[in-house]
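Architecture and fold: a report
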Amino acid sequence: MSEAYIVEAVRTAGGRRNGRLLGVHPNDLGGLVLTAIAERSEIDPAVIEDVIMGCVGQAGEQSMHIGRNAVLASSLPQSVPAVTIDRQCGSSQQAVQFAAQAVMSGTQDVVIAAGVESMSRVPMGTAMIPGSGAEPWSKKVLDRFGVAAFTQFAGAEAIANKWGFNREQLDAFSLESHRRAMAAIESGAFKDEIVPVRITLADGSTALHDQDEGVRFDASMEGLGNLKTLIEGGMITAGNASQICDGSSAMLVVSEKALKEHNLTPIARIVNLTVTGGDPVIMLEEPLFATDRALKRAGMTINDIDLYEVNEAFASVPLAWLKHVGGDPAKLNVNGGAIALGHPLGASGTKLMTTLVHALKARGKKYGLQTMCEGGGIANVTILEAL
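All of these numbers come straight from a predicted model, not from anything done at the bench.

What the protein chain contains, in helices and strands, is 12 helices and 12 strands. Over its C-alpha trace the protein chain gives a radius of gyration of 20 Å, about what one expects of a compact globule, namely 21 Å for 387 residues. A separation of at least 24 residues holds for 80% of the contacts in the protein chain among residues at least 6 apart in sequence. When the accessible surface of the protein chain is split by element, carbon and sulfur atoms take 51% of a total near 15,900 Å². Each charge class in the protein chain was averaged separately, 32 positive and 42 negative side chains, and the resulting centres sit 3 Å apart.

The structure is reproduced here in structure tokens:
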């Protein structure tokens, strides 16, 4: 079986809700990172065999096959096909895993895995047709699990309670996310991974968007503590949950044969691909158990992993993950996470993996593990070796 290698990994800086990326059509946002992958890797775009693009809100401007439309908005030739996939928040992490599987099977040699989400232009839940009365779950499904609906907010609260965390601990974790993101920005840690986006300002002038917009440089425990909880008596607030975000990201995944044929230099090797399904009610807990399986399949322990990226959908998720796996907090989301940097849904998988690969390289470390909680109680885990 062939190995799968990552040659290039890029992302845009995140845009806040209705912020600096509001004026950029999602086709163009997705096309930008595809162009950057081809340019930075110096590969002939005509040899790219597929683009696998994650996107959750496949409605409005992200409907009618956003993956293909992003290719058409890029510098890639029209001969490059694409497919759009939805594994909820893990969509583009799954895109990497599908790309790796294609390469490892020998079916293809050069594939781009990517993701895009403009949550400002296509608000979360748009595809559910609000007000139509059309629910995505049948009575049979809801009756099976004894709920009126499946909600990530209830899941986040349930995890915090189950694993014994309080509001102060969630807020403290969130503050640390902002502090790490601030330190990363100030040190230039994101410089090599970010593709600048040219935007038009209100006065008609243009500028480059190249810094994550959601990071709060004035974040404090007092400020976080003053935020209202989403439910009375609960712990989850807007401050200890991920931020709505616009962005795109992409990675070039190739075979050993492609490395030689196209004179490419790999930056990482994919060690393990895992995806599991669990309880759809608590929903966001599955990364804990998916990580157990991934480490076992890879013949590793958590002590073998140098850095982890665990998506900060809510602070309770990475905190419960750390407690379950016995991980080192100093290795977790070292440049901040989605609470500070934003969570552009379908783009977050390759966004986090891009940051993970670059962080491993910057620190001279070897192994990285990434996992995402996903709607429906699913989780992806990918283990990488930096080269």
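The rest of the description comes next.
Close approach of charged atoms allows side chains with opposite charge to pair. If you walk through the whole model with that rule in mind, you get 12 salt bridges. Between Glu256 and Lys260 there is a salt bridge whose closest N-O contact spans 4.0 Å. Of this pair, Glu256 and Lys260 both sit in helix H8 (residues 256-261), four residues apart, which is roughly one turn of that helix. A relative accessible area of 65% places Lys260 in the exposed class.

This brings us to unusual backbone geometry. Residue Met283 is not a glycine yet carries a positive backbone phi of 65°. Residue position: Met283 is located in the loop between strand E9 (268-277) and helix H9 (286-298). At Leu345, a position not held by glycine, the phi torsion is positive, near 35°. Along the chain, the position of Leu345 falls in the loop between helix H11 (338-341) and helix H12 (348-363). With a relative accessible area of 7%, Leu345 lands in the buried category.

In this section: the environment of Pro26. Secondary-structure assignment places Pro26 in helix H1 (residues 26-41). Taking the C-alpha atoms as reference points, Pro26 and Ser118, 92 residues apart in sequence, are found 5.9 Å from one another. What Pro26 contacts, discounting residues up to four positions off in sequence, is Glu61, Gln62, Ile66, Val116, Ser118 and Arg121.

On to the side chain of Glu385. Counting through the fold element by element, Glu385 comes out in strand E12 (residues 378-386). Residues contacting Glu385, with those up to four places away along its chain left out, are Ile267, Ala268, Arg269, Val271, Lys366 and Tyr367.

Interhelical geometry of H9 versus helix H10 (residues 316-325) gives an angle of 35° and a closest axis separation of 9 Å. The way H9 lies across H10 gives a crossing that is right-handed. Every residue of H10 that contacts H9 at Pro287, Leu288, Phe289, Thr291 and Asp292 is listed here: Ala320, Trp321, His324 and Val325. Split by residue class, the contact of H9 with H10 holds six nonpolar, two polar and one charged.

Assignment of secondary structure puts Asp246 in strand E8 (residues 245-255). Buried charge without a salt bridge: Asp246, with Arg121 as the nearest opposite-charge side chain at an N-O distance of 7.9 Å. At 2.8 Å, the side chain of Asp246 forms a polar contact with the backbone nitrogen of Met119. Of the polar contacts made by the side chain of Asp246, one reaches the side chain of Ser120; its length is 2.7 Å. Here Asp246 is in contact with Ala13, Gly14, Gly15, Arg16, Leu21, Leu22, Leu29, Glu117, Ser118, Met119, Ser120 and Pro344, once residues within four sequence places are set aside.

Here H12 spans 22 Å end to end across 16 residues, near enough to the 22 Å set by a 1.5 Å rise per residue. In terms of burial, H12 is a largely internal element, 13 of the 16 residues being buried. In the segment just after H12, Gly364 is the residue with positive phi, at about 65°.

This part covers the nonpolar core. In this structure, Leu170, Leu284, Ile305, Tyr308, Phe314 and Trp321 are the most contacted members of the largest nonpolar core, which totals 41 residues. Broken down by element, the residue count for this core peaks at six residues, all from H10. Counting residues in hydrophobic clusters, the runner-up holds 36 residues, among them Val24, Met53, Leu76 and Val254.

A few words now on the pairing of strand E7 (residues 206-209). Every second residue of E7 is oriented toward a common face, the buried set being Ala207 and His209 and the non-buried set Thr206 and Leu208. When strand E6 (residues 197-200) meets E7, the two strands line up antiparallel, connected through four bridges. Across the sheet, residue Ile199 finds its bridge partner in E7, namely Ala207.

Another aspect to go through is the environment of Val51. Here Val51 is to be found in strand E3 (residues 50-54). Not counting chain neighbours up to four residues away, the residues in contact with Val51 comprise Leu34, Val71, Leu76, Val80, Pro81, Ala82, Val83 and Ile112.

Glancing now at a nonpolar patch on the surface. The grouping of Val141, Phe145 and Val281 at the surface amounts to a nonpolar patch, some 190 Å² of accessible area in total. With respect to the helices, strands and loops of the structure, Val141 is situated in helix H4 (residues 139-145).

To continue, consider the environment of Leu170. One can find Leu170 in helix H6 (residues 167-187). Owing to a relative accessible area of 0%, Leu170 belongs among the buried residues under this scheme. For the pair Leu170 and Gly30, spaced 140 residues apart in sequence, the C-alpha to C-alpha distance is 33 Å. With sequence-adjacent residues up to four places away left out, Leu170 is seen in contact with Ala160, Phe165, Met235, Ile236, Asn240, Ala315, Ser316 and Leu319.

What counts, and at which threshold
Per chain, residue numbering runs from 1 following the sequence as it is written. Totals for whole chains, interfaces and linings use all residues, but because this is a predicted model, local features are given only for residues with pLDDT of at least 70 and pairs of side-chain atoms are given and counted only at 80 or more. The side-chain values count all of the structure's non-hydrogen atoms but skip hydrogen atoms and water molecules. To qualify as a helix, a DSSP run of H or I must reach at least 4 residues; to qualify as a strand, a run of E must reach at least 2; elements of each kind are numbered from the N terminus. Restricting the calculation to C-alpha atoms gives the radius of gyration, and the globule rule supplies 2.2 Å times the number of residues raised to the power 0.38. Two residues form a contact once any of their heavy atoms are found within 4.5 Å. Areas reported as accessible are Shrake-Rupley estimates using a 1.4 Å probe. Residue values count occlusion only from the protein chains shown. For the charge count, each Lys or Arg is scored as positive and each Asp or Glu as negative, with His and the chain ends excluded. All charge positions are set by atom: Lys at NZ, Arg at CZ, Asp at CG, Glu at CD. We count a salt bridge whenever a side-chain nitrogen from Lys or Arg sits within 4 Å of a carboxyl oxygen from Asp or Glu. Between buried and exposed lies partly exposed: a residue is buried under 20% and exposed over 50% of the maximum accessible area for its type, with that area taken using a 1.4 Å probe on protein chains only. Only the stretch in contact is used when fitting a helix axis, every axis being a line fitted to C-alpha atoms; angles between N-to-C directions are given from 0 to 180 degrees. Crossings are sorted by hand: turned counterclockwise from the far helix by less than a right angle, the near helix makes the crossing left-handed, and turned clockwise it makes it right-handed. Note on residue categories: nonpolar means Ala, Val, Leu, Ile, Met, Phe, Trp, Tyr, Cys or Pro, charged means Asp, Glu, Lys or Arg, and polar means any other residue, Gly included. Any pair of nitrogen or oxygen atoms within 3.5 Å is treated as a polar contact; in protein, a donor-acceptor pairing is required on top of that, and neighbouring residues in sequence qualify only through side-chain atoms on both sides. The length a helix should cover is 1.5 Å for every residue beyond the first. To form a nonpolar core, buried Ala, Val, Leu, Ile, Met, Phe, Trp, Tyr and Cys residues must be joined to one another through side-chain atoms within 4.5 Å. Strand pairing is defined by DSSP finding a minimum of two bridges between the two strands. Excluding any residue in a salt bridge, patches collect residues exceeding 30% relative accessible area, merging like charges within 9 Å and nonpolar Val, Leu, Ile, Met, Phe, Trp and Tyr side chains within 5 Å.

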